[in-house]
Amino acid sequence: PAVEGLLGYAPGEMIGRDTCLFYAADQTYDVLGNEGYEALAAGKTYARDVEMKRKNGEIVWCQITGRSVDPSRAKQRAIWVLQDLTAFRAAEARLGAYAETQRALLREVNHRVKNNLAAILGIVHLEQDRAAATDQSGAVHGLQALDARLRALASVHTLLSSGEWRPVLLSELSRRIVSSALEWG
C-alpha cells in the first residue's frame, strides 16, 4: 500500500512488524492507541496529526484517520488512512516566520510614526510659543488647530496600531477623535 512508500518501506516489508516502530515517539503510539481505539469502539472516526518515522529514521508529519467497520472489534476491524502533512507543515512554518517578520516590521513602522508625530507636535508647540511671544494671534489659532488635528491623528494611529490594524468601529474611531479634540482644544 501507499503507506509503505510514505514511510520508505518496500512492498510487503511492513507486514508483521509492530506498528510502534512507525511512530516517532512511544508516547504518540500509546496516546493514539488509547484515544484512537476508544473512539473507534464508540463508533466514531478518529483523526490526529502525528509524527511518524520513516525506515531511514526521518520524521514525517502525517494525519492519521481511523474508522472501525465493526466497533465491537475495533482493533481487528479498523481502517486507517495516513496523509503526508510534511510539505503542509513546512509551508505553515515558513508562513509563521513570514508573519512574525511582518509583525516586527509593522511594530517598527508604528514606533517611527509615533515618534515622528511627537516630533512634529514639539515643533508646533515651539512655533505656538514663538507666535504668542510676538503677538501673532492668527498664527497661534492656526497652530492650535494644527495641534488638535495632529493629536487626533496620533490618537487614531494609536487606536489602529494597538488593534494591529484590524477594522475599527466608526463609533469608537469618532469617540477617540472627538475626545482628543476636546482634550487639547
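Residue positions within a chain follow its written sequence, with the count starting from 1. Two thresholds apply to this predicted model, a pLDDT of at least 70 for residue-level local features and 80 or more for giving and counting side-chain atom pairs, whereas whole-chain, interface and lining totals are computed over all residues. To obtain the side-chain values, all non-hydrogen atoms of the structure were used and water was disregarded.

> Explanation requested: the pattern of salt bridges in the structure shown.
Close approach of charged atoms lets side chains of opposite charge pair. Salt bridges, as used here, are contacts in which a Lys or Arg side-chain nitrogen is within 4 Å of a carboxyl oxygen on Asp or Glu. Taken as a whole and assessed by the stated rule, the structure comprises 14 salt bridges. When the shortest N-O distance is used, the salt bridge between Glu 100 and Arg 107 registers 3.4 Å. A simple rule labels every residue: compare its accessible area, found with a 1.4 Å probe on the protein chains alone, to the largest value its type can have, and call it buried under 20%, exposed over 50%, or partly exposed in between. Take Glu 100: its relative accessible area is 36%, and that puts it in the partly exposed class. Between Arg 166 and Glu 164 there is a salt bridge; the shortest N-O distance is 3.2 Å. Each of Glu 13, Arg 17 and Lys 55 takes part in a single network of salt bridges with overlapping partners.

> I would appreciate a short explanation of the layout of surface pockets in the present structure.
A probe matching the size of a water molecule, rolled over the atoms, marks out where space remains unfilled. A 1.4 Å probe that fits but cannot get out identifies a cavity on a 1 Å grid over protein atoms alone, an open set with protein on both sides within 12 Å along at least five of seven lines counts as a pocket, and a residue lines either if it has an atom within 4 Å of a point. Grid points are joined across faces, edges and corners, and a volume is the space filled by probe spheres set on the points. Empty space within the largest pocket amounts to approximately 580 Å³. Taken together, 20 residues line the largest pocket, and the ones lying closest to its centre are Thr 19, Phe 22, Tyr 23, Trp 80 and Leu 82. Numbering of helices and strands runs from the N terminus, with a helix taken as a DSSP run of H or I at least four residues long and a strand as a DSSP run of E at least two residues long. Put simply, the parts of the chain that give the lining of the largest pocket at least two residues each are helix H1 (2-6), helix H2 (26-41) and strand E3 (78-84).

> Help me out: how do you make sense of unusual backbone geometry in this one?
What is expected of a backbone is that most residues other than glycine have negative phi and most peptide bonds are trans. Here Glu 164, not a glycine, exhibits a phi torsion of approximately 55°, which is positive. Among the structural elements, Glu 164 can be located in the loop between helix H4 (137-162) and helix H5 (170-184). The phi torsion at Trp 165 lies on the positive side, around 65°, for a residue other than glycine. Relative to the helices and strands, Trp 165 resides in the loop between H4 and H5. With relative accessibility at 39%, the residue Trp 165 sits in the partly exposed group.

> Looking at this model, I keep getting lost on the packing of aromatic side chains. Mind explaining?
Both the distance between ring centres and the angle between the ring planes are used here to describe each pair of aromatic rings. When the centres of two rings from Phe, Tyr and Trp lie within 6.5 Å, Trp using its six-membered ring, the rings pair. Their planes under 30 degrees apart give stacked, over 60 give edge-to-face, and anything left gives tilted. For the structure shown, the criterion picks out four aromatic pairs. On the basis of an interplanar angle of 80° and a centroid distance of 5.6 Å, the ring pair of Tyr 37 and Trp 80 is categorised as edge-to-face. Placement of Tyr 37 in helix H2 and of Trp 80 in strand E3 is noted, with a sequence separation of 43 residues between them. Judged by relative accessible area, which is 23%, Tyr 37 ranks as partly exposed.

> What exactly am I supposed to notice about helix H3 (residues 86-133) here?
Each turn of an α-helix holds 3.6 residues, which means side chains three or four residues apart point in the same direction. For H3, with 48 residues, the first-to-last C-alpha span of 71 Å sits near the 70 Å given by 1.5 Å per residue. Residues of H3 that are buried: Asn 110, Leu 117, Leu 121, Val 124, Gln 128 and Ala 131. Contact between two residues is taken to exist if any of their heavy atoms lie within 4.5 Å; hydrogens are not considered. Its buried side turned inward, H3 meets H4. Asp 135 lies just past H3 and shows a positive phi near 55°. Given the number of residues in a helix, its expected span is that number minus one, multiplied by 1.5 Å.

> Where do I start with the sheet that holds strand E2 (residues 59-68) in this structure?
Each strand in a sheet pairs with another by means of backbone hydrogen bonds, the pair being arranged parallel or else antiparallel. Two strands pair if DSSP finds at least two bridges between them. Ordered by their spatial adjacency, three strands build an open sheet running E1-E2-E3, and the pairing between neighbours is antiparallel. One side of each edge strand has no neighbouring strand; the edge strands of this open sheet are strand E1 (46-53) and E3. Strand after strand, the sheet turns through a mean of 30° between neighbouring axes, direction not considered. Pairing between E1 and E2: eight bridges, direction antiparallel. Bridge pairing links Glu 51 to Trp 61 in E2. Helix axes are fitted only over the stretch in contact, all axes being lines through C-alpha atoms; the angle between N-to-C directions runs from 0 to 180 degrees. Together, E1, E2 and E3 form the strand contacts of H2, whose direction differs from that of E1 by roughly 160°.

> What is the right way to look at the nonpolar core in this model?
Side chains that are nonpolar tend, in soluble globular proteins, to be buried together. Nine residue types can take part in a nonpolar core, namely buried Ala, Val, Leu, Ile, Met, Phe, Trp, Tyr and Cys, and a core is a set of them joined through side-chain atoms within 4.5 Å. Core analysis: the biggest nonpolar cluster contains 16 residues, and Leu 7, Phe 22, Tyr 23, Met 52 and Val 60 have the highest contact counts within it. Mapped onto this core, the elements with two or more residues apiece are H2, E1 and E2. Setting aside chain neighbours within four positions, we find Phe 22 in contact with Leu 7, Tyr 9, Met 14, Arg 17, Met 52 and Lys 53. In this structure, Leu 117, Val 124, Val 140 and Leu 143 belong to the second largest nonpolar core, which totals seven residues.

Read these as layout, nothing more, since geometry by itself doesn't imply function.
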